[in-house]
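Understanding the architecture of this molecule
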Amino acid sequence: MTTRRNLLSAAAIGAVFAPSLLAAQTRPDGASGSPAPGQKRDTMSKIPTLKLNTGAEIPQLGFGTFAIKPPDAAAAVHTALTTGYRLIDTAKNYANEKEVGEGIARAGLPRGDLFVTTKLWIEDFGYDNAMRAFDASLSKLGLDYLDLYLLHWPVPMDFEPTVAAYKAVEKIKADGRARAIGVSNFKPDHLRNLLDRTSVVPAVNQIELNPLFNQAALREANARHGIVTESWSPIGGGKNVMHLLTNRQVGAIATKHGKTPVQVVLRWHLQHGLVAIPRSTNPKHIAENFDVFGFELAPADMAALDGLETGERGGPDPDTFDLAAFKELVAQRDKK
Ligand SMILES: NC(=O)c1ccc[n+]([C@@H]2O[C@H](COP(=O)([O-])OP(=O)(O)OC[C@H]3O[C@@H](n4cnc5c(N)ncnc54)[C@H](OP(=O)(O)O)[C@@H]3O)[C@@H](O)[C@H]2O)c1
């Protein structure tokens, strides 16, 4: 089990964020099955990886499935996997785990080549509820283990159930049913509070992050704990995709590199040592978003993209997130 103490020593020697290439790794057996943490994956993939505090590798580019309707989810995931993506990100709350699992099965890839993440919804917080919800998610996905299991949001105003849920998730990791565990939408205070009361340092904190809301302070807090930062809404999500696509500076950088604005934004994530999980149901976009490995942004390009920070989030503030806030958000969305 990874404890806070041994994790921090790994971070101190710079092992946690050392990017490496999946292409440089060879799985000795080359067959399907369950690789041990850190064991080699897909030899054909060109996706760079980061090392988690478990020793396992996480691909730096993955495929998001938020808001992909169940009838479209299997096809989208299948397209992503045949395009070359190996990390699939879903959640109980997206209500598409079953179809995501169908897409994974249809692609027929060796299990050890995949990196599958799902998330525990806040309604299922508390120890026993979390255990039951994990079993249900795994069964819907048709898998016998997860590569990463995340607490979807903290509930800071009533933190006890959050802590109890994380303790259940620690047990799930100890039993080998999730190879790595982590959190999502945790701010530095929430992390501190969790770390003070539990023993496994989260491997990942998945947070809203793109050039318009670049979360520099939270990235730094994650890094201090040896936690990999994963970016949700990496190209702006529903609200801000058009802002980034039509931004003059992003457009100029894209033209200079002969790339699209979205490719430039995804490249920015990779070069910042982040994991990005863009979502699309459009096969052309799925392919475009994967074609981000053959060019390099200059430091001045990175600085220009850093300068797009607005300080405004597209999603909810984790400090005030709970079930009531979520229901209100959904009601507002439905009115539009
Ligand atoms: N942990 C959390 O709380 C949380 C919250 C939100 C999201 N997430 C995860 O993060 C993933 C990504 O975030 P997201 O889905 O909010 O937003 P996103 O990936 O930043 O943006 C998705 C939007 O961009 C469009 N798009 C994708 N590629 C494009 C391209 N090449 N050109 C033009 N438009 C393009 C998509 O439309 P088309 O389908 O038409 O391409 C879609 O409308 C989610 O799917 C989910 O897995 C996690």
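Just so it is clear, the model here is predicted, and its values are computed rather than measured.

Thoughts on the overall build of the protein chain
Each helix and strand in the protein chain was counted, giving 13 helices and 11 strands. Within the protein chain, the fraction of its 336 residues that count as buried is 47%. In the protein chain, the proportion of contacts linking residues at least 24 apart, taken out of those at least 6 apart, comes to 73%.

A closer look at the nonpolar core
The biggest cluster of nonpolar side chains holds 84 residues, and the ones touching the most others in it are Val77, Leu120, Tyr149 and Val169. When residues of this core are assigned to their parent elements, the largest contribution, 6 residues, is made by helix H2 (residues 70-83). Apart from the residues lying within four places of it in its own chain, the contact partners of Leu120 are Lys92, Ala130, Ala133, Phe134, Tyr149, Leu150, Leu151, His152, Ala165 and Val169.

Some thoughts on the sheet that holds strand E8 (residues 181-184)
The strands making up a sheet associate through backbone hydrogen bonding, with each pair oriented either parallel or antiparallel. The strand order across the open sheet built from 8 strands is E4-E5-E6-E7-E8-E9-E10-E11, with neighbouring strands paired in parallel fashion. A single partner strand is all that each edge strand has here, and the edge strands are strand E4 (62-64) and strand E11 (275-276). Where E8 lies against strand E9 (residues 204-208), 2 bridges are found, and the strand directions are parallel. Its bridge partner being in E9, Ser184 is matched across the sheet by Gln206. Strand contacts of helix H5 (residues 160-174): strand E6 (115-120), strand E7 (148-151) and E8, with the helix running at about 170 degrees to E7, the strand carrying the most contacts.

Examining the site of the ligand
Close to the ligand lie 27 residues; Gly64, Phe66, Trp232, Arg279 and Ser280 are nearest. At the level of secondary structure, the elements contributing two or more residues to the shell around the ligand comprise helix H8 (237-245) and helix H11 (283-290). When residues in the shell around the ligand are grouped by element, the largest group, 4 residues, is from H8. Grouping the amino acids of the shell around the ligand by side-chain chemistry returns 9 nonpolar, 15 polar and 3 charged.

Points about the environment of Tyr145
The topology assignment puts Tyr145 in the loop between helix H4 (127-141) and E7. Residues Tyr145 and Lys173, spaced 28 residues apart in sequence, show a C-alpha to C-alpha distance of 9.7 Å.

Description of the packing of helix H3 (residues 97-107) against H4
Where H3 contacts H4, the two axes come as close as 7 Å, and the packing angle between them is 40 degrees. With respect to each other, H3 and H4 are oriented oblique. When H3 is examined against H4, the residues Glu97, Lys98, Val100 and Gly101 are found in contact with a partner set consisting of Ser137, Lys140 and Leu141. Across the contact of H3 with H4, the residue classes tally to 2 nonpolar, 2 polar and 3 charged.

Quick notes on unusual backbone geometry
When glycine is set aside, most residues are seen to have a negative phi, and most peptide bonds are trans. The phi dihedral of Ala95 is positive, around 55 degrees, even though this residue is not glycine. Summarising the element assignment, Ala95 is placed in the loop between strand E5 (87-89) and H3. Despite not being glycine, Gln215 has its phi angle at roughly 50 degrees, a positive value. Note on placement: Gln215 falls in the loop between E9 and helix H7 (216-224). Accessibility expressed as a C-beta count within 10 Å gives 20 for Gln215, which makes it buried.

A word on the packing of H4 against H5
At a minimum axis distance of 7 Å, the contact between H4 and H5 shows a crossing angle of 45 degrees. Taken together, the axes of H4 and H5 are oblique relative to one another. Handedness of the H4/H5 crossing: right-handed. Taking contact as the criterion, the partners of Tyr127, Ala130, Met131 and Phe134 in H4 are, on H5, Ala164, Ala165, Lys167, Ala168, Val169 and Ile172. Of the residues that constitute the contact of H4 with H5, the class distribution is 9 nonpolar, no polar and 1 charged.

A closer look at the environment of Pro316
For Pro316, the location among the structural elements is in the loop between helix H12 (299-306) and helix H13 (323-335). C-beta crowding within 10 Å serves as the criterion here: with 16 such atoms nearby, Pro316 is assigned to the partly exposed category. Measuring from C-alpha to C-alpha, the distance between Pro316 and Leu329 comes to 8.3 Å, with 13 residues separating the pair along the chain. Leaving out residues up to four positions away in the same chain, Pro316 has contacts with Phe321, Ala325 and Leu329.

Observations regarding the pairing of E6
With 6 of 6 residues buried, E6 lies mostly within the body of the structure. In this structure, E5 lies alongside E6, joined through 3 bridges in parallel fashion. Bridge pairing in E6 links Ile88 to Val116. You can see the chain leave E5, run along H3 and come back into E6, and the turn it takes is right-handed.

Some remarks on the confidence of the model for the protein chain
Of all residues in the protein chain, 87% attain a pLDDT of 70 or more, and the chain-wide mean is 89. Within the model, the stretch residues 1-40 combines pLDDT values under 50 with 75 contacts to residues more than four positions away or in other chains.

Cut-offs and rules
- Residues numbered from 1 in each chain as written.
- Predicted model: local features only at pLDDT ≥ 70, side-chain atom pairs only at ≥ 80, totals over all residues.
- Helix = DSSP H or I, 4+ residues; strand = E, 2+ residues; numbered from the N terminus.
- Buried ≥ 20, exposed ≤ 12 C-beta atoms within 10 Å, placed from the backbone.
- Contact = placed C-beta atoms within 7 Å.
- Core = buried A, V, L, I, M, F, W, Y, C linked by C-beta atoms within 7 Å.
- Pairing = 2+ DSSP bridges.
- Axes fitted to C-alpha atoms, helices over the stretch in contact; angles between N-to-C directions.
- Near = placed C-beta within 6 Å.
- Nonpolar A, V, L, I, M, F, W, Y, C, P; charged D, E, K, R; others polar.
- Parallel < 35°, antiparallel > 145°, perpendicular 65-115°, else oblique.
- Left-handed = near helix turned anticlockwise from the far one by under 90°.
- Right-handed = clockwise from strand over helix to strand, strands pointing away.
- pLDDT = per-residue confidence, 0-100.

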